[in-house]
Amino acid sequence: MLITFREASRRWGVHISTLNKARERGALPARRSGYIWLCEEEDVRKLLGDETPPPGWVTVPEAARRRGVSRATIYSKIKKGAIPAVRAKGVFYIPG
């Protein structure tokens, strides 16, 4: 479903300039209708990582507590690719 950048901004809590920058670098396919930018809802979800976490996956703070390490350690391992992660509504989840 096509939505405006304004609507996407409101739904996902990101600034319109974030969507514009993604469009400019080619990460968000969009088209213009007059002066309004439109994009597919699914493309915004993919861009922002709006997925449903798999069953059994936990948030980073919970994983850090269970493993006895800091959240920074978990985030570092996610960034290096050592731990798989999905982002759902702005929160990272990793296998429990």
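The structure we're discussing is the one just above.
Residues numbered from 1 in each chain as written. Predicted model: local features only at pLDDT ≥ 70, side-chain atom pairs only at ≥ 80, totals over all residues. Heavy atoms only, no water.

(A) Local environment of the layout of surface pockets. The volume enclosed by the largest pocket comes to roughly 170 Å³. Looking at side-chain class alone, the lining of the largest pocket contains five nonpolar, two polar and one charged residues. (1 Å grid on protein atoms, 1.4 Å probe; cavity = no way out; pocket = protein on both sides within 12 Å on 5 of 7 lines; lining within 4 Å. Points joined across faces, edges and corners; volume = space filled by probe spheres on them. Nonpolar A, V, L, I, M, F, W, Y, C, P; charged D, E, K, R; others polar.)

(B) Quick look at the sheet that holds strand β4 (residues 57–59). Strands sit in the order β4-β6-β5 across an open sheet of three strands; the sheet is antiparallel. Only two strands of the sheet have a single partner each, and these edge strands are β4 and β5 (86–88). Each adjacent strand pair in this sheet contributes to an overall mean axis angle of 40°, direction not counted. Sheet analysis places β5 next to strand β6 (residues 91–95), joined by three bridges and oriented antiparallel. (Pairing = 2+ DSSP bridges. Helix = DSSP H or I, 4+ residues; strand = E, 2+ residues; numbered from the N terminus. Axes fitted to C-alpha atoms, helices over the stretch in contact; angles between N-to-C directions.)

(C) The arrangement of the sheet that holds strand β1 (residues 2–4) in detail. Sheet architecture is open: three strands sit in the order β1-β3-β2, paired in antiparallel fashion. Of all strands in the sheet, those bounded by a partner on one side alone are β1 and β2 (30–33). Averaged over all adjacent pairs, the angle separating strand axes in this sheet is 40°, with direction ignored. Pairing of β2 with strand β3 (residues 36–40) involves four bridges; the strand directions are antiparallel. If you follow R32 over to β3, its bridge partner there is W37. In this fold helix α1 (residues 5–12) packs onto β1, β2 and β3, with an angle of close to 85° to the strand it touches most, β1. Packing against the sheet, helix α3 (residues 41–48) makes contact with β1 and β3, and its axis sits at approximately 75° to β3. (Contact = heavy atoms within 4.5 Å.)

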